[in-house]
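So the chains spell out like this:
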Amino acid sequence: MGAIRVHEFISLDSVIDTPSWTFEFGFDPRMGEAIGNAMTGSNAILLGRTTYEMFEPAWSPRTAEEDPGAPFMNDTMKYVVSSTLDKGTWRNSEIVGPYDAGVIRRLKERVPGGIYVSGSGTLVRAMLADGLVDELHLFVYPLTRGDGPKLFEGTPARKFTLAASEAYDNGVLYVRYHPAALA
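Peer 1: Give a description of the packing of aromatic side chains that names residues and reports values.
Peer 2: For the structure on display, the rule yields nine aromatic pairs. The interplanar angle of 65° and the centroid separation of 5.5 Å between the aromatic rings of Phe-25 and Tyr-141 together place this pair among those described as edge-to-face. A residue pair is termed long-range when its members are at least 10 positions apart, and Phe-25 in the loop between strand 1 (3-11) and helix 1 (29-39) and Tyr-141 in strand 6 (residues 135-141) qualify at 116 residues. Residue Tyr-141 is classed as buried on the basis of its relative accessible area, which comes to 1%. When the ring of Phe-72 is compared with that of Tyr-116, the centres are 5.7 Å apart and the planes differ by 80°; the resulting orientation is edge-to-face. With Phe-72 in helix 3 (residues 70-75) and Tyr-116 in strand 5 (residues 114-118), the pair connects residues that are 44 residues apart, well separated along the chain.

Structure below.
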């Protein structure tokens, strides 16, 4: 059974919109290692439509020489949650239709290993609300954004267990959480 692993760049006040606001902090190479670890063992990528439409033109022309993550992003099967797309334009893409927790559960059952999710805030909030997220890989940036979509907005209260953490010289904190077992 697949485990859904969500990777997000997030502000201190939980905003997860387009991460252009992260650029001023630079990218510590250890952050790339942590993202690579979230991808390791993942046999599928799950994306919402907006993130898919941003990632496809950014990733599809990249090669391994340009970015070590390119083979994973381009060669791995991508499942896209969308009520408006009919056909995927990025190789190895399948549109699974509008969000349906049952469809995501069946995807988890049939994909061995992990299912990697990056961005896709609307999708992630829905999966958090339905208890479908197995790991949260958060890169917490030392700033508040005020306005913007919040990661946990509209999701029920839930406890998480810290599985790993690491601080980087650029002020970013990486935390990996698992949902706490229900008592």
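So much for the structure itself; the text now carries on.
Peer 1: Describe the environment of Gly-32, naming the residues involved and giving the relevant values.
Peer 2: As for its position among the elements, Gly-32 is in helix 1. Sequence spacing of Gly-32 and Gly-69 is 37 residues, and the spatial spacing of their C-alpha atoms is 9.0 Å.

Peer 1: Give me the sheet that holds strand 2 (residues 42-48): which residues, what numbers.
Peer 2: What the eight strands build is an open sheet, ordered 4-3-2-5-1-6-8-7; its pairing is mixed. Unpaired on one side and paired on the other, strand 4 (93-97) and strand 7 (160-167) mark the two borders of the sheet. Direction aside, the axes of adjacent strands within the sheet are offset by 25° on average. As paired strands, strand 2 and strand 5 are joined by three bridges and run parallel to one another. Bridge pairing links Ile-45 to Tyr-116 in strand 5.

Peer 1: So what about the environment of Leu-132? Which residues, and what values?
Peer 2: Mapping Leu-132 onto the fold places it in the loop between helix 5 (121-129) and strand 6. Using a relative accessible area of 3% as the deciding quantity, one classes Leu-132 as buried. As a C-alpha pair, Leu-132 and Gly-69 span 63 residues in sequence and 25 Å in three-dimensional space. Once you skip the residues sitting within four places of it in the chain, Leu-132 turns out to touch Ile-4, Tyr-99, Ala-101, Ile-104, Arg-105, Lys-108 and Met-127.

Peer 1: Hey, could you go over the environment of Val-172 for me, with residue numbers and the actual values?
Peer 2: Note that Val-172 resides in the loop between strand 7 and strand 8 (173-179). Sequence separation between Val-172 and Thr-22 is 150 residues; the distance between their C-alpha atoms is 9.6 Å. With residues near it in sequence (within four places) discarded, Val-172 still touches Met-31, Phe-139, Val-140, Tyr-141, Pro-142, Glu-166 and Ala-167.

Peer 1: Could you give an account of the layout of surface pockets, with specific residues and numbers?
Peer 2: Here the largest pocket is characterised by a volume of approximately 1,200 Å³. As for the largest pocket, its lining consists of 46 residues, of which Pro-19, Thr-51, Phe-55, Ser-118 and Gly-119 are closest to the centre. Within the residue set of the lining of the largest pocket, elements represented by two or more residues are strand 1, helix 1, helix 2 (49-59), helix 3, strand 5 and helix 5. With seven residues, the single largest contributor to the lining of the largest pocket is helix 2. Taken together, the residues that form the lining of the largest pocket break down as 21 nonpolar, 19 polar and six charged.

Basis of the calculations
- Residues numbered from 1 in each chain as written.
- Predicted model: local features only at pLDDT ≥ 70, side-chain atom pairs only at ≥ 80, totals over all residues.
- Heavy atoms only, no water.
- Phe/Tyr/Trp six-rings, centres within 6.5 Å; stacked < 30°, edge-to-face > 60°.
- Helix = DSSP H or I, 4+ residues; strand = E, 2+ residues; numbered from the N terminus.
- Buried < 20%, exposed > 50% of the residue type's maximum accessible area, 1.4 Å probe, protein only.
- Pairing = 2+ DSSP bridges.
- Axes fitted to C-alpha atoms, helices over the stretch in contact; angles between N-to-C directions.
- Contact = heavy atoms within 4.5 Å.
- 1 Å grid on protein atoms, 1.4 Å probe; cavity = no way out; pocket = protein on both sides within 12 Å on 5 of 7 lines; lining within 4 Å.
- Points joined across faces, edges and corners; volume = space filled by probe spheres on them.
- Nonpolar A, V, L, I, M, F, W, Y, C, P; charged D, E, K, R; others polar.

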